[in-house]
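One-letter residues, chain by chain:
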Amino acid sequence: MSENEKQATRIDNSVYDVIDTGNPNPSRTYGDIDYSGFKIMTGRKKLEIPVSKEMLNEHIIERYLPKVFNDLSSNIYDYKHLFNVYAGKSNIQKKERKANPDKENSIVDERHSFFMVEFKKGYLYGNDTKYSCAESGSCTDELTFLSKYMTEQKKPRKNIDISEDVYIAGAGNRMILPRKNYAGMDVTKKAPFEIFNLEYTRSFIVYSSNYTHEMLFGGIITEIPSDIPEIPKYEIMIYDHKYSYRFSCNTLFPSINGAKFLSKQRHYIGYVPFSEWKINSARIGIVEVVESILDAANMISSNEVDNVIDYVNSILLVYNQKISKQSMDGVLENRAMQLNTTDPSRPADAKYLVNALNHGDVMQKYEALIKVAYSIVGVPQPTTQSTSGGDTGEARNLGGGWASASVVADNEEIMLKESEKNMLEICLAICIKHPSCPIKTLDITDIEINFNRNRNDNLLVKTQSLQNLYSMNVPKEISLNYVGISANSHEDAQAWDKADKEAKNNVVVTQKEETTEVEDEIEVTKE
């Protein structure tokens, strides 16, 4: 066996230790995993290689695939762990009572990670993003078709699905391809493209490590039929901005000399048909940020239950008194016992051995941990005692975490909008090249992406502020931005102007009609 083959075997074995078992091999260091099997999570690693897109060909890709898959396997290990935490398999499940193994071992998993992820999904994508014209209404017709296409492609549901990966693991992958078999298709109703959310464990996106950090290619890994069922066979489809490449391999993540190039084909999209969704450049999800804090909260809750059970089952200690099993059964049945003191210097007594926690201090620490966890990720607490009945609506929002949630969501929207714009660029490129598609001139710069988060909180104060700004002749778009009542202040300001003009025209028409009626009455009176 050559040295390259030996190295390939070593790398493949490491990958399978991580992918198949979900745990790193404790006998070797892998990524950030130390020898004890503990991994320090600092976000998902960006897959980069030192080439530019002009240099890409099947030979370059084949040369760097081992490095790509080596880095990818570390990300997949993180993803599997974080998804398990989200799904309920957190570290509290490993809790033991080593000092008292015979006693009840209560495990309380409060599933805060699940709630946080579900809240984020609903808060940003519960009402799906809408598209509007960035400046003028000239793009309205083509934009209507684009919105229809997105509905046909079930984008609202797909956005919720991909946001789950984003908030759990820090990133999600999406692929956009021309629709197959579109001959005879009604392009006024059916999109000429298809949108696919990709499994994080079976897809990847690679960037250049030079100063541009441009996207080089994306890939998907698919299991295909094998002549020998015991030996799996995989196909790797890779797309850059010009070609699609097919590779085959007999391992899930091929290392050195593990992938075989089969063919390549030119595509007309002009873009790498992949879009990566993330909420920060480090690709850090919310689960890993609060995992250790929530582990501590789960441990406190579990130990609290243990302590209650121990208290209920406390040992009855009898001093200076003989008691038989029969007498003890009578005590348990009657809930009372009789003590006889035979020696005054040694009085008979009975007490429970109790080791109770100070629940007030413990719960104070628990609440502090929960508050920190929810504040870090920008999620309001489901229940909170931080406000009182005399607080204003704004104070309640601030105390309950809604103001913080809005600030964090504003920041996340910027990154998510960039991802959606990358997707729209690919969709528009496919539409423009389709001979029958009604979208021909629409450009990404014409489109404004709007998140439809609920902005009705403290509505009375906001509308009163808007009236004051309007009376001071502050421009309507600026006023809407100030009060934060609109997700698309530009379009809403235009609609406001249109409604104002219609109202003024109606007033003028009404005044003319009233004047005409008065003049007619005067004429009648003269006659």
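Residues numbered from 1 in each chain as written. Predicted model: local features only at pLDDT ≥ 70, side-chain atom pairs only at ≥ 80, totals over all residues. Heavy atoms only, no water.

## Re the pattern of salt bridges
No. 1: Inspection of every chain in the model, using the stated rule, returns 15 salt bridges.
No. 2: Here Lys 45 and Asp 71 are joined by a salt bridge, their closest N and O atoms 3.3 Å apart. Taken together, the positions of Lys 45 in the loop between helix H1 (3–21) and strand E1 (48–49) and Asp 71 in helix H2 (residues 58–87) put the pair 26 residues apart, joining distant regions of the chain.
No. 3: Ionic pairing is found between Glu 276 and Arg 283, a salt bridge with its closest N-O pair at 2.9 Å.
No. 4: Residue classification places Glu 276 among the buried positions, given a relative accessible area of 8%.
No. 5: What you see here is one network of salt bridges that share partners, running through Arg 44, Asp 78 and Glu 288. (Salt bridge = Lys/Arg side-chain N within 4 Å of Asp/Glu carboxyl O. Helix = DSSP H or I, 4+ residues; strand = E, 2+ residues; numbered from the N terminus. Buried < 20%, exposed > 50% of the residue type's maximum accessible area, 1.4 Å probe, protein only.)

## Examining the packing of aromatic side chains
Working definition: an aromatic ring pair is given by the centre-to-centre distance plus the angle between the planes.
No. 1: Evaluated as defined, the whole model comprises 15 aromatic pairs.
No. 2: Between Tyr 79 and Phe 83, the ring centres sit 6.1 Å apart and the planes meet at 20 degrees, which makes this aromatic pair stacked. Separated by four residues within a single helix, Tyr 79 and Phe 83 lie in helix H2, roughly one turn from each other.
No. 3: Taking relative accessible area as the criterion, Tyr 79 reaches 12% and is therefore assigned buried.
No. 4: One aromatic cluster in this structure is built from Tyr 79, Phe 83, Tyr 86, Phe 114 and Tyr 200.
No. 5: Against the face of Phe 114 rests Arg 111, its NZ or CZ located 5.5 Å from the ring centre.
No. 6: Taking the ring centre of Tyr 243 as reference, the NZ or CZ of Arg 266 above it sits at 5.4 Å. (Phe/Tyr/Trp six-rings, centres within 6.5 Å; stacked < 30°, edge-to-face > 60°. Lys NZ or Arg CZ within 6 Å of the ring centre and 35° of its normal.)

## Examining the confidence of the model for the protein chain
No. 1: Summing up the model confidence of the protein chain, the mean pLDDT is 79 and the portion of residues at 70 or higher is 76%.
No. 2: Low confidence marks residues 1–37, where pLDDT is under 50. Its contacts with residues over four positions away, or in another chain, come to 56 contacts.
No. 3: Within the model, pLDDT remains below 50 along residues 386–390, and this stretch shows nine contacts once partners closer than five positions in the same chain are excluded. (pLDDT = per-residue confidence, 0-100. Contact = heavy atoms within 4.5 Å.)

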